Structures are given as structure tokens and as C-alpha cells.
Amino acid sequence: MIKSVFTQLWNRRRANFSVFLELLFVFCLLWYITDYLFVYAYNLSLPNHRDLKHTWQINLGLLPSDDPAVAKPSGVEKTSDPTPQALYDDYHRILRIIRDYPGVEAVSVSTNQSIPATGSYRGRNLYSLDDTTRRIQVQQMEIYTSTDYFSVFRHTRKDGAEAVRMSDFEWTGSRQVVISRSAADKLLPDGSPTGRKLVNNLNDTSDPMTVIGVIDDTKRFDYLRPRHAVYIPITDMDKWDMNFWANYPAISIRSAASLPDAIFADAFGNDMAKLLRTGNFFFKSIVSFRKISEDTASNLGMDSDLNIRISLMLFFLLNILLCVLGTFWYMVNLRRSETGLRKAMGASSSSISRMLFAEGLCLLTAAATVAMLLEANCMYAGLIDTFGKGWGSENDTVYPVDRLALRFLITNFITLIILSVIILTAIWLPARRASALHPAEALRDE
């Protein structure tokens, strides 16, 4: 049968050549989109050892010191020119109100660059004093140790087996830090990381940072890779000037899972508009981190990019389906006498269908072989990048999708399977029609 199939393809090489070219073109484009979606899906599958469900960002405003609306709680003298200490006291009064609110499980304060899903980023280099040749770039996360950043975002350690709280670590000063697992593996691969020293500048090693713990890696965005991170304590908020209070402290909270998010947000917003009217501060809004994450992805163009690629893939699949369907319908009509002769000589309907299926798959195999040669040149020339790398915060772990040969074979196999299903589906109807022809009817034209 194979010999017969190749003979038929060769005898109709002119008619088949146009189908071959279209399959070649579509295979290359479909592989490019498949490769992107494969890496995207792989990145999504990597665990992100934090949880944004039921988490919220609380936005406060700060009135100018001479604003007539500035007021103090009952029994507290009004401050016309607030000092850092006065702002410190007001801010912590607000934190206590939020922490005591029904349904709030945990509260954290951090710099804006440290809250997840916003796209904000502050990086730094870290060196190990044990081996100064070891250097990595990390995202610097600055968190206030009197609140519980880790509980708000459900950070874990030991590959997600154990939840982490701020109280699990001895925050005795500003130079004690917690690092992510990947950072510990790269900088401090031998022995326990706890108690070992890190610096961010080899020219100044007099006041190193001390590692007091290791937690699991997280991702800057769900569709990226896990990143190196260092968690640095803020222990002296009262020493910051007004610019700090106006721009930097970000309040994040986690609400109870038993409360519907919409109900909690509505009640919290209404109550806090009155309760948080303290000193120069006022309540502005409560925003879900899920919404922040979606808005950030949209602003960075990820949603539109993904939708465009999926739409193109569907377009190409529909195009090849209609093309193959029309081509084989035409070819079957041209071969009515051949089909009738085969049936007159005892060929079964299933054998005729198998022959047409085999011809379509052989054309696809030939197109795929040539396409893979073109793709290999593009990939090894660096024209196909690995999505999710190059964002400045990802670690340098070699993932399966970074192994170009393996990724090349997997994505081409997926593309081949998709197009095989499309081609077999497109051939099925004309093949069924051809195999159902009566020999006398098929031979009548002859």
C-alpha cells in the first residue's frame, strides 16, 4: 500500500505541490505559535509559592499639613506641621484599626516595589562572603517586621510543605535578611545558609547582611519563572521623613476565605472611609491583588499578545482544514474512475479511505521534514527566544524549555499531532464519499 501511495503522490506531483507548500507554510507558523504557548504553559505550571486569593491593597491618601480637613482623633491635639513621629503614630493607629477589623486575617506593610503583581521592581546584586565569585541579581523586598508580610501572601518553605510567618525568624536588626531558595542554592550551596554573610558591594564588606532564613521561590508574574529574592526588614519607620509616608508604605491585607470577596470589600470600604480619618491620612480605596495582577498583565500587553497568537492559531487551523477539505474533495472527483476500478477489483471501502488518509499524512510528513530544517536554523540562530527570560529577576536555573533540542522536538511533535488531526478530519468526508461510490457509478464517466 505504501508503494501505491507514493506512486499516486508522484503521478499527481503538480497538484500536490501546492498542498505541500501550504502545509509547509502553515506548519512553520503553527510551530512558532505552539512554541510560544508551550513555554507560556510551562511557566504557568511552575509553582508560585504564594497565594493572591483574598488579598487586598489598601490605598491611603495624605493631606497637606495646612489642609483645613486635617483632624485628629478625639483627645489628640491637632498637628499643623506633622513630624515623622506624628505620622508614625497616626499610621500605626490606622494599622491597629485595620488589624482589628472583622474578617482581616493578616496585615503587612512594605515598600511599593515589594508588593506582588504590580510590575514594580527594585533589584540589587548579592555576593557571598564565603566565595566572592558567586554573584546573583535579586529582587529586593523591603518589609516592615512588625506586620506579617509572609502570612498575607501565604509564603511557604520546603517546597510548599510549610507555611511561613514573620515571627518564624529572628528580626533583631536591619541587617538580618531572608532569601529565596534559589538564591541560597546559588550563593550558599554548601551547608546551611543560616548565619552566613552576604554583601551587595564588594568594595564595602564592613557591614554584611546575615541570612536568618530561607523560603520558597516566588514569581514576579504567574507566566514568568521563579526569581531570586531577598527580604530586607524595615525596623525604623519612625525615622523616615514625610516623603516616605506620602509615597512608599503599602498596606496589604488578607481577608478570611469564608467571606465573599465582594461583600468584604464593600463593607471594608464603607467602614474605613470613616474609621481611617486620622490626622493627615484618609482612606482612598481597597483593591484586590487579583485585579491588580490582571491589570498589570493587560498593561504589559500580555493579554493582547496571547489572544493574538491564539486567534492566529485558530485561523491557521481553520484555513488548513478548509484547504485540505477542498483539495481532497477535488482530487476525489478527478479520481472517480480510479476509485471505481479499485472497487471493481475487490478493494473495500475502508482500504480506499486508508489510502487517502495515507496520502494526506505523507504530504504532511514531507512538509514537516522541510519545515523542521527551517525551524532549526531559526532557533539556533537565536531568532526564537525563550519566553519568560530576560526580565532581570528570574534565576538562572536551566529548565527543560531552555534545552533547545528537547523543546524543539516536543513543540514540533505537538504541531505534527495537531495538523495530523486537522488533515485526517478534512480528508474524512471526501474519503467517505469516495469509498461509498458504487463501481458502476464511478466507472460510468470512463
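Our subject is the structure listed above.
Nothing here was measured: the structure is a model prediction, and the numbers come from that model.

Peer 1: Before we move on, can you summarise the side chain of Arg-254 with the specific residues and values?
Peer 2: Structurally, Arg-254 is set in strand E13 (residues 250-255). Here Arg-254 falls in the buried class, since its relative accessible area comes to 2%. Here the side chain of Arg-254 touches Asp-51 through a polar contact of 2.7 Å, landing on its backbone oxygen. Filtering out sequence-adjacent residues up to four positions away, Arg-254 remains in contact with Asp-51, Lys-53, His-54, Thr-55, Gly-103, Val-104, Glu-105, Ala-106, Ser-151, Val-152, Phe-153 and Arg-154.

Peer 1: A description of the nonpolar core should follow, citing residues and the corresponding values.
Peer 2: If you look at the biggest cluster of nonpolar residues, it comprises 26 residues, and the most contacted ones within it are Leu-23, Ile-320 and Leu-419. At the level of secondary structure, the elements contributing two or more residues to this core comprise helix H2 (13-45), helix H9 (302-334), helix H11 (349-380) and helix H12 (404-435). When residues of this core are assigned to their parent elements, the largest contribution, 8 residues, is made by H2. Counting 24 residues, the second-largest nonpolar core is a separate cluster that includes Tyr-91, Val-109, Ile-251 and Leu-276.

Peer 1: Got a sec to walk through helix H8 (residues 289-299)? Specific residues and values, please.
Peer 2: Restricting attention to buried positions, one finds in H8 the residues Phe-289, Ile-292, Thr-296 and Ala-297. All buried residues of H8 project into a common sector of 130 degrees when viewed along the axis, lining one side. Between the side-chain oxygen at the start of H8 and the backbone nitrogen of Arg-290 there is a gap of 3.1 Å, and the oxygen is on Ser-288. Just downstream of H8, Gly-301 is the residue with a positive phi angle, here 85 degrees.

Peer 1: Describe the layout of surface pockets, listing the residues and the values that go with them.
Peer 2: Counted as a void, the largest pocket has a volume near 430 Å³. Every residue lining the largest pocket is counted, 17 residues in all, and those nearest its centre are Leu-52, Asp-222, Arg-290, Ser-293 and Glu-294. If you tally residues by element for the lining of the largest pocket, the top one is H8, at 4 residues. The residue inventory of the lining of the largest pocket, partitioned by class, reads 8 nonpolar, 2 polar and 7 charged.

Peer 1: Report on a nonpolar patch on the surface, specifying residues and quantitative values.
Peer 2: A cluster of nonpolar side chains, contributed by Trp-329, Trp-428 and Leu-429, occupies part of the molecular surface with about 290 Å² of accessible area. Mapped onto the elements of the fold, Trp-428 is located in helix H12. A residue is classified by how much of its surface remains accessible, and Trp-428, at 43% relative accessible area, is partly exposed.

Peer 1: How would you explain the pattern of salt bridges if you had to name every residue and give the values?
Peer 2: Applying the stated criterion across every chain, the model contains 15 salt bridges. One salt bridge connects Arg-134 with Asp-131, and the closest N-O pair in it is separated by 3.5 Å. By relative accessible area, which is 32% here, Arg-134 ends up partly exposed. The salt bridge involving Arg-175 is made with Asp-207; its shortest N-O contact spans 3.6 Å.

Rules behind the numbers
Every chain's residues receive numbers from 1 upward, in the order its sequence appears when written. Under the rules for a predicted model, residues below a pLDDT of 70 receive no local features and side-chain atom pairs below 80 are neither given nor counted, while totals for whole chains, interfaces and linings still include all residues. Working from all heavy atoms in the structure, the side-chain values ignore hydrogens and water. For helices the rule is a DSSP run of H or I covering at least 4 residues; for strands it is a run of E covering at least 2, with both sets numbered from the N terminus onward. For every residue, the accessible area (1.4 Å probe, protein chains only) is compared with the maximum for its type, and the residue is labelled buried under 20%, exposed over 50%, or partly exposed between those bounds. Counting of polar contacts relies on pairs of N or O atoms within 3.5 Å, with two restrictions inside protein: one atom must be capable of donating a hydrogen and the other of accepting it, and residues adjacent in sequence are counted only when both atoms are side-chain atoms. Contacts: residue pairs with any heavy atoms within 4.5 Å of one another. Residue types Ala, Val, Leu, Ile, Met, Phe, Trp, Tyr and Cys, when buried and joined through side-chain atoms within 4.5 Å, form a set referred to as a nonpolar core. Each C-beta atom gives one direction from the helix axis, and the arc is the one those directions make. Site definitions follow a grid-based scheme: protein atoms alone, a 1 Å grid, a 1.4 Å probe that fits but cannot get out for cavities, and for pockets an open set with protein on both sides within 12 Å along at least five of seven lines, plus lining residues having an atom within 4 Å of a point. Grid points are joined across faces, edges and corners, and a volume is the space filled by probe spheres set on the points. Note that Gly is not counted as nonpolar here; it falls among the polar residues with everything else outside the nonpolar set of Ala, Val, Leu, Ile, Met, Phe, Trp, Tyr, Cys and Pro and the charged set of Asp, Glu, Lys and Arg. Patch membership needs two things, relative accessible area over 30% and no salt bridge, and members are linked within 9 Å if like-charged or within 5 Å if nonpolar (Val, Leu, Ile, Met, Phe, Trp, Tyr). Methods summary: accessible areas were calculated by the Shrake-Rupley approach with a probe of 1.4 Å, and residue burial reflects only the protein chains presented. A carboxyl oxygen of Asp or Glu within 4 Å of a side-chain nitrogen of Lys or Arg is what we treat as a salt bridge.

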